[in-house]
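# Structural overview
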Amino acid sequence: NAGVTQTPKFRILKIGQSMTLQCTQDMNHNYMYWYRQDPGMGLKLIYYSVGAGITDKGEVPNGYNVSRSTTEDFPLRLELAAPSQTSVYFCASSIRAGNTIYFGEGSWLTVV
Amino acid sequence: RKEVEQDPGPFNVPEGATVAFNCTYSNSASQSFFWYRQDCRKEPKLLMSVYSSGNEDGRFTAQLNRASQYISLLIRDSKLSDSASYLCVVAYSGAGSYQLTFGKGTKLSVIP
């Protein structure tokens, strides 16, 4: 059972470049999330989705975009990367609000 | 007041000790509560949900005090493998609104 799978695991970007972090889950969960975690800090919600075709902003959405064309996939797009976006990014999913959240293994992104 | 607040620690305890963590939350309408464990450079994983009546899972006991808006985690007979960060998570779901907030985590180091 794969659970939540995100790629790539590590990436170095130059300032101004763009990239997409891929996330897929095979648990048929309705809710999906993208979080970032800076060193020594808590998780901050970037975007979330309650189902295919529906996305909503979290606490720190600026500089990011998402889409949810299928139940399984929830890619995160970084446009015009900035050093402030250097962080660990976690994709996660849950069957519904208030239920257990399952995380991917994380994507370490460095912007130089 | 921060939405979810935890003592960051670190808590350095000897093997076999009992240690307790507290977490306070600001949204009195919060409905679901969890403790997650996060190992260094890994994704968070659910440790246990927290129920109003309190609940126990082996060496771990979680309690919720709605009146005072705090949850606690008690670890008995600490093991070296318990060394990790423990994240408090609070969820609220209402009409058109869903909020899931992670605390910054409390770091535990169990020493031989």
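Heads up: the structure comes first, above all this text.
Residues numbered from 1 in each chain as written. Chains lettered and ligands numbered in written order. Predicted model: local features only at pLDDT ≥ 70, side-chain atom pairs only at ≥ 80, totals over all residues. Heavy atoms only, no water.

### Section: the interface of chain B and chain A
As a measure of interface size, the accessible area lost when the parts come together is often cited. Threshold: Contact criterion: two residues are considered in contact whenever any of their non-hydrogen atoms come within 4.5 Å of each other. As used here, buried area is the combined drop in accessible area, with a 1.4 Å probe, of two parts when they are placed together. For salt bridges, the criterion is a side-chain nitrogen of Lys or Arg within 4 Å of an Asp or Glu carboxyl oxygen. A helix here means a DSSP run of H or I that spans at least four residues, while a strand means a run of E at least two residues long, and both kinds are numbered starting from the N terminus.
Taken together, the contact pairs 17 residues of chain B with 19 residues of chain A. With both chains or domains summed, chain B and chain A bury close to 1500 Å², and 60% of this area falls on carbon and sulfur atoms. When the buried area of chain B at its contact with chain A is split by residue, Glu43, Tyr98 and Phe102 of chain B rank highest and sum to 36% of it. Linking chain B with chain A are zero salt bridges. Taken together, the elements giving at least two residues each to the side of chain B that touches chain A come down to strand 4 (32-38), strand 9 (84-94) and strand 10 (97-102) of chain B. Ranked by the residues each element gives to the side of chain B that touches chain A, the list is headed by strand 4 of chain B, at four residues.

### Concerning the pairing of strand 3 (residues 19-25) of chain A
All names here are of chain A. Just so we agree on the cut-off: When a residue's accessible area, from a 1.4 Å probe over protein chains only, is under 20% of the maximum for its type it is buried; when over 50% it is exposed; and in between it is partly exposed. We call two strands paired when DSSP finds no fewer than two bridges between them.
Here strand 3 shows a buried face lined by Met19, Leu21, Cys23 and Gln25 and an unburied face lined by Thr20, Gln22 and Thr24. Sheet analysis places strand 1 (residues 4-7) next to strand 3, joined by four bridges and oriented antiparallel. Of the residues in strand 3, the one forming a bridge with Gln6 is Cys23. Here strand 3 runs beside strand 8 (residues 76-78); their pairing, made up of three bridges, is antiparallel. Residue pairing in the sheet places Leu21 in a bridge with Leu76 of strand 8.

### Notes on the pattern of salt bridges
Residue and element names in this part refer to chain B. What the rule picks out here adds up to seven salt bridges over all chains. The partner of Glu56 in a salt bridge is Arg76, and the shortest N-O contact between them spans 3.6 Å. Here Glu56 is found in strand 6 (residues 55-57), whereas its partner Arg76 is found in the loop between strand 8 (70-75) and strand 9, with 20 residues between them in sequence. Assessed through its relative accessible area of 57%, Glu56 is described here as exposed.

### Remarks on the sheet that holds strand 3 (residues 19-25) of chain B
Residues and elements named next belong to chain B. Put simply, the rule reads: Angles here are taken between N-to-C directions and fall from 0 to 180 degrees, while the axes themselves are lines fitted to C-alpha atoms, restricted in helices to the stretch in contact.
On the basis of which strands lie adjacent, the open sheet formed by five strands has the order 1-3-8-7-6 and antiparallel pairing. Looking at the sheet topology across the chains shown, the edges are occupied by strand 1 (4-6) and strand 6. Each strand of the sheet is rotated relative to its neighbour by a mean of 20°, with strand direction disregarded. Sheet topology note: the strand 1/strand 3 ladder contains three bridges and is antiparallel. The partner of Val4 across the bridge, within strand 3, is Tyr25.

### Considering the environment of Trp34 of chain A
Residue and element names in this part refer to chain A. With respect to the helices and strands, Trp34 occurs in strand 4 (residues 31-37). Judged by its relative accessible area of 0%, Trp34 is buried. On a C-alpha basis, the gap between Trp34 and Leu21 in space is 9.9 Å, while along the polypeptide they are 13 residues apart.

### Topic: the packing of aromatic side chains
Residues and elements named next belong to chain A. The following threshold applies: The rule is short: rings of Phe, Tyr and Trp, with Trp giving its six-membered ring, pair when the centres are within 6.5 Å, and they are stacked under 30 degrees, edge-to-face over 60, tilted in between.
This model, assessed by the stated rule, comprises 14 aromatic pairs over all chains. Here Phe90 and Phe103 contribute two aromatic rings whose centre-to-centre distance is 6.1 Å and whose plane-to-plane angle is 90°, an arrangement assigned as edge-to-face. With Phe90 in strand 9 (residues 87-94) and Phe103 in strand 10 (residues 102-103), the pair connects residues that are 13 residues apart, well separated along the chain. Among the residues examined, Phe103 registers a relative accessible area of 8% and is labelled buried.

### Here's the deal with the pairing of strand 4 of chain A
Residue and element names in this part refer to chain A. Here strand 4 lies mainly inside the structure; seven of its seven residues are buried. Pairing geometry for strand 4 and strand 9, over seven bridges, is antiparallel. Looking across to strand 9, one finds that Tyr31 is bridged to Ser94. Two elements, strand 4 and strand 5 (residues 43-51), share six bridges in a ladder whose sense is antiparallel. The partner of Trp34 across the bridge, within strand 5, is Tyr47.

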